[in-house]
Amino acid sequence: PWASLVKERGDGEEGAGERRGTRDTPFGPLTEHDVPVDIIVTPTRIIRVSDPLPKPSGVYWDLLSPQKLAQIKVLRELKKKLEEELGEELPSGPEEVLPPIAE
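All values reported here derive from a predicted model rather than from experimental measurement.

**Q** Could you clarify how one ought to interpret the overall build of the chain in this entry?
**A** For the chain, the count of helices and strands is 2 helices and 5 strands. Listed N to C, the secondary structure of the chain is β-β-β-β-β-α-α in terms of helices and strands. Relative to its 103 residues, the chain shows a buried fraction of 18%. Pairs at least 24 residues apart make up 54% of the contacts formed inside the chain by residues separated by at least 6 positions.

See below:
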């Protein structure tokens, strides 16, 4: 089924990691806030996704935890601006413990 998702251009044999479907990843299935790719470039190939999945239509505030929001300045500023314009508080996602950040 994944073969129908990509159109390839390049030389050489296919590597096992170069022909994975876009719906599942090594980390689990794509979720509604993940941004699927339209093109995959490896050292030997350019792979274009022939049937790309839809992109998210905006910020899913109800999925964005306060901890993640605290780490992304542009989203904090956008949320604050939207809340001021709307005159109401936007939803927040569930609390979570984030992994440590590499220094």
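**Q** In this structure, what is going on with helix α2 (residues 73–86)? I would like to understand it.
**A** Residues lying three or four places apart along an α-helix face the same way, a consequence of the helix completing one turn every 3.6 residues. Here α2 contains 14 residues, and its C-alpha end-to-end distance of 20 Å stays within 8% of the 20 Å for a straight helix at 1.5 Å per residue. Phi turns positive, to about 75°, at G87, one or two residues after α2.

**Q** Teacher, can you tell me more about the pattern of salt bridges here?
**A** Where side chains of opposite charge bring their charged atoms close, a pairing between them can arise. What the rule picks out here adds up to 3 salt bridges. Residues E96 and K68 are paired through a salt bridge, measuring 3.7 Å at the closest nitrogen-oxygen approach. In this pair, E96 is assigned in the segment after α2 and K68 in helix α1 (residues 66–71), connecting sequence segments 28 residues apart. Its relative accessible area of 29% is what places E96 among the partly exposed residues.

**Q** Teacher, can you tell me more about the confidence of the model for the chain here?
**A** Fine structural detail should not be taken from predicted coordinates in areas where pLDDT scores are low. Model confidence for the chain is summarised by a mean pLDDT of 78, while 74% of its residues fall at 70 or above. Of all the helices and strands in the chain, strand β1 (residues 6–10) carries the lowest mean pLDDT, 43, while α2 carries the highest, 96. Low pLDDT, under 50, characterises residues 1–22; the predicted model gives this stretch 44 contacts beyond four residues in sequence or across chains.

**Q** Looking at this structure, I do not really get the environment of V35. What am I missing?
**A** Counting through the fold element by element, V35 comes out in the loop between β3 (28–29) and β4 (39–41). Each C-alpha atom of the pair V35 and P56 lies 6.6 Å from the other, and the pair is 21 residues apart in sequence. Every residue in contact with V35, bar those within four places of it in the chain, is listed here: K55 and P56.

**Q** Sorry, what's going on with the nonpolar core here?
**A** If you look at soluble globular proteins, the nonpolar side chains tend to sit buried side by side. If you look at the biggest cluster of nonpolar residues, it comprises 5 residues: W61, L64, L69, L75 and L90. For L90, the contacting residues outside a window of four places in its chain are W61, K79, L82 and E83.

**Q** Mind showing me how you'd approach the pairing of strand β5 (residues 45–49) here?
**A** Burial of β5 is one-sided: the residues R45, I47 and V49 facing one way are buried, the residues I46 and R48 facing the other way are not. When β4 meets β5, the two strands line up antiparallel, connected through 3 bridges. Bridging from a neighbouring strand, V41 pairs with I46 of β5. Here β4 folds back onto β5, and the loop between the two strands holds 3 residues.

**Q** Is there a simple way to explain the side chain of S65 in this structure?
**A** As for its placement among the helices and strands, S65 is situated in the loop between β5 and α1. In contact with S65, not counting residues within four places along its chain, are G93, P94 and E96.

About the thresholds
Residues numbered from 1 in each chain as written. Predicted model: local features only at pLDDT ≥ 70, side-chain atom pairs only at ≥ 80, totals over all residues. Heavy atoms only, no water. Helix = DSSP H or I, 4+ residues; strand = E, 2+ residues; numbered from the N terminus. Buried < 20%, exposed > 50% of the residue type's maximum accessible area, 1.4 Å probe, protein only. Contact = heavy atoms within 4.5 Å. Expected span 1.5 Å × (residues − 1). Salt bridge = Lys/Arg side-chain N within 4 Å of Asp/Glu carboxyl O. pLDDT = per-residue confidence, 0-100. Core = buried A, V, L, I, M, F, W, Y, C linked by side-chain atoms within 4.5 Å. Pairing = 2+ DSSP bridges.

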